[in-house]
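Each chain is listed here by its residues.
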Amino acid sequence: MASLRAAFRLPGLAKVATRHNTIAAQAFRAYSTKPQGLKDRLRELIPEKREEVKQVKAEFGSKVLGETTVDMAYGGMRGIKGLIWEGSVLDANEGIRFRGKTIPECQQELPAAEGGSEPLPESLFWLLVTGEVPTQEQVRGLSAEWAARAQLPAFVEDLLDRCPNTLHPMSQFSLAVTALQHESQFAKAYQKGVKKTEYWDTTFEDSMDLIAKLPSIAGRIYQNVFRNGAKATPIDLNKDYGANLASLLGFGDNKDFVELMRLYLTIHSDHEGGNVSAHTTHLVGSALSDPYLSFAAGLNGLAGPLHGLANQEVLRWITKMREELGGKDVSDETIKDYVWKTLKSGQVVPGYGHAVLRKTDPRYSCQREFALKHIPNDPLFKLVSQIYTVAPGILLEHGKTKNPWPNVDAHSGVLLSAYGLTEQDFYTVLFGVSRGLGVLSQLIWDRALGMPLERPKSYSTAAIKAMYANK
């Protein structure tokens, strides 16, 4: 098996070692002796996938994929079938599948850390990129590579340190990712006239660098904004991605929180291509913007209250409920009254309903299982469990919700809060770290398959009226 250095046409970890001196050099020496790396495997898969896409277009290119209505155009393109997204597909009745695998299947089949039970984010990323379940050694190699690439440039650290504490953490996150564009290998290669068939190579390098640095960005923001600039634990080359993130946040000594980070990063990574953060990253990337600019745009979409901020809205609603009900255990009837009060005031019950799903979100279910295992007596979790038994029936009776079941946001904030990470404005940053795995794995394939500039057709209201005036 060729070493990683020999396999990479662009110097992968060798270049990282130059940038990051002794630490990265040590990681490279350890990783270069491992079995086939992710980029080696991706290089083998790309020609096969290009041929598959060519055949699909030749055989099915003229087939009708879906029907578009005027309501869809006015309704935010809801339900329009018009994107290719390799990593995941969301079924209304089954939930999310990552490369065809359900969340329980991922939990069972993907490698976990030694002594742990939750899948490692590295293993999920490998699955998203290749469609294959990696070996334990391949995952360890990817952990080492990300750790080696994790160091932030000094100017980005300085940029974050100069941000006022009042600047929202998501604004700081987007700012730092945009600033990292200074190091984009894709942008530099494009300026030199690299061939289109090789766009994927530097997109891969940028994506690996960016994913590796996301925990460092998140940890620095958290320490600056919420811990008075306390010095975070440095990246440990012998730890996995989730464990390093937990340490950077200051919770690395809690093994259950480390496991939570592994689960959280895995299940929040990808959710088809139509959600705002995924679609935005894909859209901006279709203009051949590099991964840094593309992902920064996706983060700005994730920061919206109708997308990534939803989990903190849930926690605020539950916390307010608990305070209004006296901060102690209450009956199901009391919770029913509170839910009806919320609905009759013209508000929604946050964390319930989904644009696509018509069942309990599997991402909610696996978080519930985690809570039952690790924090069964937590007061907020017990309240969440009661709401789970009460709210769906009320929403069905109310009649205005297509899906009365909880989604992923109904649980994640409560879990984070239970372990002491109570700063709700930071929750979407963690979501952003996770979402990078999904959208950047797809961006690599967008460039490998030569996906074109996205440019849907739009109409004015007057044009719509004229179109159907005589029909």
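Please read these numbers as outputs of a predicted model, since none were measured by experiment.

Rules used throughout
- Residues numbered from 1 in each chain as written.
- Predicted model: local features only at pLDDT ≥ 70, side-chain atom pairs only at ≥ 80, totals over all residues.
- Heavy atoms only, no water.
- Helix = DSSP H or I, 4+ residues; strand = E, 2+ residues; numbered from the N terminus.
- Buried < 20%, exposed > 50% of the residue type's maximum accessible area, 1.4 Å probe, protein only.
- Polar contact = N/O pair within 3.5 Å; in protein donor to acceptor, adjacent residues only side chain to side chain.
- Contact = heavy atoms within 4.5 Å.
- Salt bridge = Lys/Arg side-chain N within 4 Å of Asp/Glu carboxyl O.
- Phe/Tyr/Trp six-rings, centres within 6.5 Å; stacked < 30°, edge-to-face > 60°.
- Lys NZ or Arg CZ within 6 Å of the ring centre and 35° of its normal.
- Axes fitted to C-alpha atoms, helices over the stretch in contact; angles between N-to-C directions.
- Left-handed = near helix turned anticlockwise from the far one by under 90°.
- Nonpolar A, V, L, I, M, F, W, Y, C, P; charged D, E, K, R; others polar.
- Core = buried A, V, L, I, M, F, W, Y, C linked by side-chain atoms within 4.5 Å.
- UniProt positions renumbered as here; feature names shortened; annotations may be inferred.

Student: Explain the side chain of S294 here, please?
Tutor: On the secondary structure map, S294 appears in helix 15 (residues 291–302). Accessibility expressed as a relative area gives 0% for S294, which makes it buried. Polar side-chain contacts of S294 include one of 3.3 Å to the backbone nitrogen of G285. Filtering out sequence-adjacent residues up to four positions away, S294 remains in contact with T281, V284, G285, S289 and L443.

Student: Mind showing me how you'd approach the pattern of salt bridges here?
Tutor: When the charged atoms of two side chains with opposite charge come close together, those side chains can pair. Applying the stated criterion to the full structure yields 26 salt bridges. Of the charged contacts, one joins E44 and R41 as a salt bridge, the two residues approaching to 2.8 Å between their closest N and O atoms. Note that E44 and R41 are positioned in helix 3 (residues 38–60) at a spacing of 3 residues, about one turn of the helix. A residue is classified by how much of its surface remains accessible, and R41, at 17% relative accessible area, is buried. Among the ionic pairs, R363 bridges to D361, the shortest N-O distance being 2.7 Å. We classify R363 as buried; its relative accessible area is 3%. Exposure remark for D361: the relative accessible area of 1% places this residue in the buried category. Linked through salt bridges whose partners overlap, the residues forming this network are K39, R43, E145, R149, D201, E205 and D209.

Student: So what exactly am I meant to see when it comes to the packing of aromatic side chains here?
Tutor: Aromatic ring pairs are reported here in terms of the distance separating the ring centres and the angle at which the planes meet. Overall, the coordinates contain 13 aromatic pairs when judged by the stated rule. Here W317 and Y338 contribute two aromatic rings whose centre-to-centre distance is 6.0 Å and whose plane-to-plane angle is 55°, an arrangement assigned as tilted. Placement of the pair is W317 in helix 16 (residues 310–324) and Y338 in helix 17 (residues 332–344), with a sequence separation of 21 residues. For the pair W317 and Y338, a shared accessibility class is recorded, and that class is buried. Positioned above the aromatic ring of Y459, the side-chain terminus of K457 is 5.4 Å from the ring centre.

Student: How should I be thinking about the packing of helix 14 (residues 276–286) against helix 21 (residues 427–448) in this particular structure?
Tutor: Helix-helix packing is characterised by the crossing angle of the two axes and by the distance between the axes. Look at helix 14 against helix 21: their axes get within 10 Å of each other, and the N-to-C directions meet at 30°. For the pair helix 14 and helix 21, the sense of crossing is right-handed. Of helix 21, the residues touching helix 14 (which contributes S277, A278, T281, H282, G285 and S286) are R435, V439, L443, D446 and R447. Of the residues that constitute the contact of helix 14 with helix 21, the class distribution is 3 nonpolar, 5 polar and 3 charged.

Student: I tried to follow the nonpolar core on my own but got confused; where do I start?
Tutor: One recurring pattern in soluble globular proteins: nonpolar side chains tend to sit buried together. Judged by nonpolar contacts, the single largest core of 107 residues is most densely connected at F125, F173, I217, L249, F257, M261 and L421. Those residues in contact with L249 that sit more than four places away from it in its chain are A218, G219, Y222, Q223, F257, M261, L421, F426 and L430.

Student: How do you make sense of the environment of V433 when you look at a structure like this?
Tutor: With respect to the helices, strands and loops of the structure, V433 is situated in helix 21. The class of V433 is buried, set by a relative accessible area of 0%. Taking the C-alpha atoms as reference points, V433 and H268, separated by 165 residues in sequence, lie 9.1 Å from one another.

Student: Looking at this model, I keep getting lost on the UniProt feature "active site" (unreviewed entry) in the protein chain. Mind explaining?
Tutor: Within the UniProt annotation, "active site" (unreviewed entry) is assigned to H307, H354 and D409. The greatest C-alpha distance among the residues just named is 11.2 Å, despite their covering 103 residues of sequence, which places them together in space. Tracing the backbone shows H307 in the loop between helix 15 and helix 16. Dropping the residues within four chain positions of it, H307 is found in contact with N275, V276, S277, G301, L302 and R435. As for its position among the elements, H354 is in the loop between helix 17 and helix 18 (362–374). Owing to a relative accessible area of 21%, H354 belongs among the partly exposed residues under this scheme.

Student: Explain the environment of A154 to me, please; I cannot follow it from the model alone.
Tutor: Inspection of the secondary structure assignment puts A154 in helix 8 (residues 154–162). Distance in space between the C-alpha atoms of A154 and V330 is 52 Å, their sequence separation being 176 residues.

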